[in-house]
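Below, each chain spelled out in residue letters.
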Amino acid sequence: MTSPVWHPFTQHALAGAMVPIARTEGAHLVTEDGRRILDAISSWWVITHGHRHPAIMAAIRQASESLDQIIFAGFTHAPAEALARRLVAVAPEGLNRVFYSDSGSTSVEVALKMALGFWRNTGEARSRIVVMAASYHGDTIGTMSVGERGVFNAAYAPLLFEVETVPFPAAGKEEATLAALEAACAQAPAAFIVEPLVLGAGGMLMYGPELLKAMHAICARHGVLFIADEVMTGWGRTGTRFACDQAGIVPDILCLSKGLTGGALPLAVTLCREEIFAAHYSNDRTKTFFHSSSYTANPIACAAGLANLQVWESEPVMARIAALCALQEELIAPFRDDRRFETVRRCGTIAALDLKARDAGYLAGIGPRLYDFFLARDLLIRPLGSTLYLMPPYCVTRAELEGAYGAIRAAADALA
Ligand SMILES: *Cc1c(COP(=O)(O)O)cnc(C)c1O
């Protein structure tokens, strides 16, 4: 009998059989028949230190001795309280309220609702959201609305709300983005949402911290709420704990998920400045923040998050990240002279390059063919169309990463 499981982002008519994974270890997935596959994309960007970090797994075991899910309205628990305090301590200064949810998409939905609640409760009719072209913020209706439109969401377009879009600040075209943002902000929108420094699913598109800072300044000048979606960029990916740290900015609202538990369990938070909480703080019950998920602040997931923050404190995580940044730069640099590739780029631990190919575009045949090529070599690399990127867990070794770049070179040879 075929499996009843319907997999995400999978065209089952064209996909081969799903690969059964029996174990995970450090930077590897181990199949049921014993193959060790290098997880060069951190299992869709969630695994930071490596799979099954011992301290995080131990915290999960320990938390499950005393707690499972509890209702989070009217009740609280030590893991959620402790994690929230630690998050406030490490987040950009001034983000001192923490709202829990369970996925990146939900953290963005919460951010959008906080923004609109802020304006409604403070008596201004602002509801428009400004977004950046090529952005990705999730796959729910609200997050698709603020993300790039295309084949992924064409069927659902009638359900999506309208937004104001500023262009992606491609090198040399930064002024156009700033001018468009200035014009959009003059129309008194509620908020601007953006992925700081790296647009992930949009193709690992990168821009610099000066631009991030300039965009933040424009929003601040117009009183437009600045929402930083650091679901992917958070937890060291860009070389600093948060991408916003490189621009020295404090967003009004910050979304975190993926690496929040080191990737072990689903958990998300939306942090905000005091003013946004204060706008919902009232004797008037209609000003309540009306949002909850059944699994809000799952205690075991919070314990995993707390253990992750402990790992950041007790292990040389920043030094590991710095070493990985340097290694990525060293290994990707030669591709800048390889004419089969273009837009060779790196931001922190993330390196990306585009294969020059005639059938580019996400749905073109090249992506799946490359994917199969790499998987046959025990490498998990999932191209975004003809864009190849490596975003490995921080425990990856030089030899493993050299192997991955060797396979990328071999793929270009095979295509020639
Ligand atoms: C992955 C991602 C999301 C969505 O997170 P999920 O946990 O998959 O819902 C939102 N924003 C960004 C920038 C992401 O990379």
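Residues numbered from 1 in each chain as written. Predicted model: local features only at pLDDT ≥ 70, side-chain atom pairs only at ≥ 80, totals over all residues. Heavy atoms only, no water.

## A few points about the domain arrangement of the protein chain
Stage number 1. Segmentation of the protein chain into domains returns domain 1 (56-314) and domain 2 (316-382).
Stage number 2. At the junction of the two partners, domain 1 supplies 18 residues and domain 2 supplies 14 residues.
Stage number 3. Both faces combined, the contact of domain 1 with domain 2 buries some 1,200 Å², and carbon together with sulfur accounts for 76% of it.
Stage number 4. When the buried surface of domain 1 facing domain 2 is broken down by residue, M206, R237 and W312 rank first, second and third, together holding 38% of it.
Stage number 5. Inspection of the domain 1/domain 2 interface yields 0 salt bridges.
Stage number 6. Summed over the shared surface of domain 1 and domain 2, the number is 3 residue pairs in polar contact (both at pLDDT 80 or more).
Stage number 7. Take the side of domain 1 that touches domain 2: its biggest share by element is 3 residues, from helix α10 (residues 299-314).
Stage number 8. Taken together, the residues that form the side of domain 1 that touches domain 2 break down as 10 nonpolar, 6 polar and 2 charged. (Domains from an automatic or database assignment. Contact = heavy atoms within 4.5 Å. Buried area = accessible area lost by both parts, 1.4 Å probe. Salt bridge = Lys/Arg side-chain N within 4 Å of Asp/Glu carboxyl O. Polar contact = N/O pair within 3.5 Å; in protein donor to acceptor, adjacent residues only side chain to side chain. Helix = DSSP H or I, 4+ residues; strand = E, 2+ residues; numbered from the N terminus. Nonpolar A, V, L, I, M, F, W, Y, C, P; charged D, E, K, R; others polar.)

## Concerning the site of the ligand
Stage number 1. Residues in close proximity to the ligand include W45, S103, G104, S105, Y136, H137, G138, E195, D229, V231, M232 and K258, which together make up its full environment.
Stage number 2. Take S105: an N or O atom from its side chain is 2.6 Å from an oxygen atom of the ligand.
Stage number 3. K258 places a side-chain nitrogen or oxygen 2.7 Å from an oxygen atom of the ligand.
Stage number 4. Coverage of the ligand by the protein amounts to 83% of the 390 Å² it exposes when considered alone.
Stage number 5. A per-class count over the shell around the ligand returns 4 nonpolar, 5 polar and 3 charged. (Near = heavy atom within 4 Å. Areas by Shrake-Rupley, 256 points an atom, 1.4 Å probe, with all protein chains shown as cover.)

## Thoughts on a nonpolar patch on the surface
Stage number 1. Where nonpolar side chains cluster on the molecular surface, the patch consists of F9, W44, V151 and F152 and spans about 390 Å² of accessible area.
Stage number 2. Checked against the element boundaries, V151 lands in the loop between α5 (141-145) and β6 (164-166).
Stage number 3. With a relative accessible area of 53%, V151 lands in the exposed category. (Patch = residues over 30% accessible without salt bridge, like charges linked within 9 Å, V, L, I, M, F, W, Y side chains within 5 Å. Buried < 20%, exposed > 50% of the residue type's maximum accessible area, 1.4 Å probe, protein only.)

## Describing the environment of L181
Stage number 1. Along the chain, L181 turns up in helix α6 (residues 174-185).
Stage number 2. Taking the C-alpha atoms as reference points, L181 and I37, separated by 144 residues in sequence, lie 43 Å from one another.

## Focus on the packing of helix α3 (residues 78-90) against α10
Stage number 1. Here α3 crosses α10 at 40°, and the two axes come no closer than 8 Å. The orientation of α3 relative to α10 falls into the category oblique. The chirality of how α3 crosses α10 is left-handed. Taking contact as the criterion, the partners of P79, A80, A82, L83, R86, L87 and V90 in α3 are, on α10, P299, C302, A303, G305, L306, L309, Q310 and E313. (Axes fitted to C-alpha atoms, helices over the stretch in contact; angles between N-to-C directions. Parallel < 35°, antiparallel > 145°, perpendicular 65-115°, else oblique. Left-handed = near helix turned anticlockwise from the far one by under 90°.)

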